[in-house]
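Residue-level listing of the chains:
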Amino acid sequence: MSFVTVNQLTRLFDLSEPWIVRTITGQKKRILTAVDCVNFQIEKGETYALVGESGSGKSTIAKMVAGLLMPTSGSVIIDNKNFNDANLEKASMNALRRKTQMVFQSPYASLNPRWKIGNIINEPIKAFGLIKDENDQHKRVIELLEQVGLSERDIKKYPHEFSGGQRQRISIARALASEPEIIICDEPTSALDVSVQAQVLNLLKDLQKNFSLTYLFISHDLAVISTMANNIGVLKEGVLVEQATPNDLFHKPQHDYTKMLLAAAPTLQNN
Amino acid sequence: MTIDRTMIEPLLEIKNLSVSLKKRDNISVAVDDLSLNLYPGEILGLVGESGAGKSMTGSAILGLIESPLYISAGTISLQGRSIIEAPENIRGSQISMIFQDPLVSLNPLKTIGEQLIKTIKTHFNISKAEALDRSKKLLSDVGIDPERIEAYPHTFSGGMRQRVVIALALAPEPSVIIADEPTTALDVSVQAQILNLLKQLCTERGTSIILITHDMGVISETTDRVAVLYSGRLVEIGKTSDVLQRPQHPYTAGLVASTPNIDPSSFDKKLFQIPGAMPDIDDVPDGCAFHPRCEHARDKCQKHRPPLFDARVSCWLSEKPGGTL
Amino acid sequence: MERFFRSDFFYHFRHAPVAIVSFVTIILIILAAIFANFIAPTNPFDPASLNLMNGFTPPLEANEFTGERFLLGTDDQGRDLFSTILYGLRISLFVGLMAVLLAMVMGVLLGLIAGFLGGWIDSVIMRFADIQMTFPSILVAMLIYGVARGILPPEVRYEMSIVVLIISIGLSEWVPFARTVRGSTLVEKEKEYVTAAKMIGLTRQQIMLRHILPNVLSPVLVIATITFALAIIAEATLSFLGVGVPSTKPSLGTLIRIGQDFLFSGEWWILLFPAVTLLALALSINLFGDWLRDILNPKLK
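The shown structure was predicted, so the numbers you read here are calculated from the model rather than taken from an experiment.

Caption draft 1: The overall build of chain B, seen in detail. In terms of regular secondary structure, chain B is built from 11 helices and 10 strands. Taking 2.2 N^0.38 as the reference for a compact globule, 325 residues should give roughly 20 Å; the C-alpha atoms of chain B span a radius of gyration of 21 Å, in line with that estimate. Considering only C-alpha atoms, chain B reaches an extent of 65 × 50 × 45 Å along its principal axes. Each charge class in chain B can be summarised by its mean position, and for the 33 positive and 39 negative side chains these summaries are 1 Å apart.

So, in structure tokens, the structure goes:
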């Protein structure tokens, strides 16, 4: 069994007006199928990338894999456990949360502006009760900062004292704090400048190798995805239209939508 | 295009432009001694990371610099006439603007027809019927069904709205359009359409465009010439293909190399990375602003700011002929 | 502390004369009230020290019977007006401060809960706020005051009058806090740092108090400042209407009420000096509050 199995995952959103408005104006219910019977697997230590345009449902899938949103039907199984399993004990639930972490798109909104960096990174360690002694916690925070290329000096600073790329490193350090096994990266570099994006992508690769992390990587940028993924799923309006390795996808795209995406992506080479 | 630009009179000339920021008792420089020419009918790209001063340059041309920012030095002239002193009348009719968010330029309470007609009638002394005809023509030029002239902006999708904005920008028949990240908010497929549309319209009408973007791919596919900005300074300028394929400034080279590409040979390899980040404008180092991140930096780079050599690159490595990367 | 003096906030403060003048006025008034027993020549709350013969002495003039002089004159009972104003300020400021604290705690918590939980809880809280806002707050305060007096047994009414006053003003001013905090909470709860907190399994209560609360407080400071002025005026109004603190321990409002009775018989000072003090206090707080709002609004920064 794969480390992550996404099975017939479906999510509907009810966009209808309130009942009373519908009755008066005679409108019907409006149901949006954001994610429609999506299946994929991720092997341990590998990166699965979901690519799609706005409204393709990629962020909705990310939220369901992260256990932040209930699927309407279907399931996400991570290491034989399911967030939405009603029989899951509290301890197993906590263990699953600890294993599953997320790195977000916005380097500005993903760190609490009123918290010091040290506390931000220490929060998961405390919440999961990983280290009890405060001195040891402090040492662990420094270790995490160093792993993402920051230093002990930064521990007492606030998020606004850092650049976008550094904040994204802090987010990664926080995600690593709970010693996760899978990290969901939701457009982690789309708000960053090119030279900083390369730094963050390389850091993610190094960390994957060092800690044998599994990534679910969400992006709209085919070029970024091609440098990160072992497998790529192309999403269109909630449906997974094509699934392949980067080589196959870029050499022999099967679906028209994939071909269109490849043709439309601006590249440096045409010049 | 293979025209030798230097033989033609520039349409828009920016000379030694500096834009400064006064905060408390400190003055920092956001755009630093920038000189640029825009020639008729070309698309000039302004590329750089956030805070490099590219949008600020666009705002300066449009006369949109507001306190605490101010133009501290330099001139901007359009067809030989300075537009820093009297920007108002020239700006509306000669220079148009396209922003990243189409909703900034559209009035949500008026139909797109009303907005187009009003813009046309402000600039041309023609009847309402004629203005309506022109509006419909503009809409069909940007690929919108003229029948939709009575529709309100919110009924259009993001890409269609940006088309409406382009129609509005073209309405005064300007000689220059400044497009500030016009496709950043759009999906890739729509982005390609909008960029092609811009390109095609400008070729047809002979309009010049300054395209401000952070995306090297967009620069590569759209522009004729490109100017690379770093910390408010021009580091390299030239024909797009030259600059991207044979970059002479280490920063340009780094930008090109760190841009991920759909290139099977690069799959699963690490990207090239420039260490560090661009300095804040109140903390720009002496000498060449890039030297702390530059692997070729020498003593001279730390002390003296390089001029623009060969009208192409601002780097001491290019001081003598033959001194390459 | 050194960080504060180098901050943007302090820089703007130094360059805003209105802010400096209003801030100094507020501080002087507050200090005067705190140290009233050292500054005031007499204790107006001590009936034994009063001499009815001193009544209606005009400012700085010698009393025709006793020959005593008073800086700001005396009232009908012979209380030194200067001392009475200082002691009255104590009551006004105390009631104002406590009422603001009550309104703030209540408004912030309700706004936070309404914004974060949403749904029917949000609807109930905010509809209640809407209904309360349709009445002038002084009317709401009087209503609560009346109900409270009705409930309390007569023997404690007298001692409890200040507490009742605080509660009635506090309950009438919570709505602006709740509305602002709810608005900011709606924005903050969608931010990714809140999602990150959910990812580590924090409870809703922990997310609200640890993460969202610190981020919605800066507009609260501004509202608190302006509400402080409103609360002081509300206290004065209630006392003026005769439903506030008893006239043996007069607040500024009570003094104004007393003064009003004698305005047309020529004893103008009994009304004028307490009124000017109230005006100076409320105006300074409002001007300072306006300045704070301008500074804390990032758009104007």
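Additional details are given in the paragraphs that follow.
Caption draft 2: Structural detail: the sheet that holds strand S2 (residues 31–42) of chain A. Residues and elements named next belong to chain A. Overall, antiparallel pairing links the 3 strands, which are arranged S2-S1-S4 in an open sheet. Each end of this open sheet is capped by a strand with a single partner; those strands are S2 and strand S4 (73–78). Here the strands of the sheet are splayed against their neighbours by 25 degrees on average, with no regard to which way each runs. As defined by bridge partners, strand S1 (residues 4–14) adjoins S2 across 8 bridges and the pair is classed as antiparallel. Of the residues in S2, the one forming a bridge with Phe13 is Leu32. Strands S1, S2 and S4 of the sheet are contacted by helix H2 (residues 58–65), whose axis makes an angle of about 120 degrees with S1.

Caption draft 3: Representation of the pairing of S1(A) in the model. Sheet topology places S1(A) next to S4(A); 5 bridges connect them, and they run antiparallel. Counted as the bridge partner of Thr10(A) is Ser73(A) from S4(A).

Caption draft 4: Summary view of the nonpolar core. Counting 75 residues, the largest nonpolar core has Ile169(C) and Trp291(C) as the members making the most contacts within it. A total of 13 residues in this core trace back to one element, the largest contributor, which is helix H5 (residues 81–117) of chain C. Counting 56 residues, the second-largest nonpolar core is a separate cluster that includes Val148(A), Cys185(A), Leu203(A) and Leu213(A).

Caption draft 5: Broad picture of the packing of helix H6 (residues 158–170) of chain B against helix H7 (residues 188–205) of chain B. Residues and elements named next belong to chain B. Direction vectors running N to C along H6 and H7 enclose 15 degrees, while the axes themselves pass 10 Å from each other. Judged by the inter-axis angle, H6 sits roughly parallel to H7. Crossing angle aside, the handedness with which H6 passes H7 is right-handed. Listed contacts from H7 to Gly159, Gln162, Arg163, Ile166 and Leu170 of H6 are Val190, Gln193, Ile194, Leu197, Leu198, Leu201 and Arg205. Taken together, the residues of the contact of H6 with H7 sort by class into 7 nonpolar, 3 polar and 2 charged.

Caption draft 6: Layout of unusual backbone geometry. Residues and elements named next belong to chain B. Cis peptide bonds are those with omega within 30 degrees of zero, and the linkage from Ser67 to Pro68 qualifies with 10 degrees. With a phi angle near 55 degrees, Asp33 is a residue other than glycine that sits in the positive phi range. Structurally, the position occupied by Asp33 is in strand S2 (residues 26–38). Phi at Ala311 is positive, roughly 50 degrees, even though this residue is not glycine. In this fold, Ala311 is placed in the segment after helix H11 (299–303). On the accessibility criterion, Ala311 (63% relative accessible area) is exposed.

Caption draft 7: Quick peek at the interface of chain A and chain C. Facing 21 residues of chain A, the contacting portion of chain C comprises 16 residues. Here chain A and chain C share an interface that buries about 1700 Å² over both sides, 61% of which is from carbon and sulfur atoms. Linking chain A to chain C there are 0 salt bridges. Between chain A and chain C we count 10 residue pairs in polar contact (both at pLDDT 80 or more) in total. Those elements that provide at least two residues to the side of chain A that touches chain C are strand S5 (100–103) and helix H4 (117–127) of chain A. Its residues assigned to classes, the side of chain A that touches chain C shows 11 nonpolar, 6 polar and 4 charged.

Caption draft 8: Quick peek at the packing of aromatic side chains. This model, assessed by the stated rule, comprises 15 aromatic pairs over all chains. Aromatic side chains Phe40(A) and Tyr48(A) sit 4.3 Å apart centroid to centroid with 5 degrees between the ring planes, which places their arrangement in the stacked category. Taken individually, Phe40(A) and Tyr48(A) each receive the classification buried, so the pair is uniform in this respect. Cluster of aromatic residues (ring-pair linked, three or more members): Phe9(C), Phe10(C), Phe13(C), Phe23(C), Phe288(C) and Trp291(C). Sitting above the plane of the Phe124(B) ring, Arg134(B) keeps its charged end 4.7 Å from the centroid. Note that Lys300(B) overlies the ring of Trp316(B), its terminal NZ or CZ placed 4.3 Å from the centroid.

Reading the values: rules and limits
- Residues numbered from 1 in each chain as written.
- Chains lettered and ligands numbered in written order.
- Predicted model: local features only at pLDDT ≥ 70, side-chain atom pairs only at ≥ 80, totals over all residues.
- Heavy atoms only, no water.
- Helix = DSSP H or I, 4+ residues; strand = E, 2+ residues; numbered from the N terminus.
- Rg over C-alpha atoms; globule rule 2.2 N^0.38 Å.
- Lys, Arg positive; Asp, Glu negative; His and termini not counted.
- Charge placed at Lys NZ, Arg CZ, Asp CG, Glu CD.
- Pairing = 2+ DSSP bridges.
- Axes fitted to C-alpha atoms, helices over the stretch in contact; angles between N-to-C directions.
- Contact = heavy atoms within 4.5 Å.
- Core = buried A, V, L, I, M, F, W, Y, C linked by side-chain atoms within 4.5 Å.
- Buried < 20%, exposed > 50% of the residue type's maximum accessible area, 1.4 Å probe, protein only.
- Parallel < 35°, antiparallel > 145°, perpendicular 65-115°, else oblique.
- Left-handed = near helix turned anticlockwise from the far one by under 90°.
- Nonpolar A, V, L, I, M, F, W, Y, C, P; charged D, E, K, R; others polar.
- Buried area = accessible area lost by both parts, 1.4 Å probe.
- Salt bridge = Lys/Arg side-chain N within 4 Å of Asp/Glu carboxyl O.
- Polar contact = N/O pair within 3.5 Å; in protein donor to acceptor, adjacent residues only side chain to side chain.
- Phe/Tyr/Trp six-rings, centres within 6.5 Å; stacked < 30°, edge-to-face > 60°.
- Lys NZ or Arg CZ within 6 Å of the ring centre and 35° of its normal.

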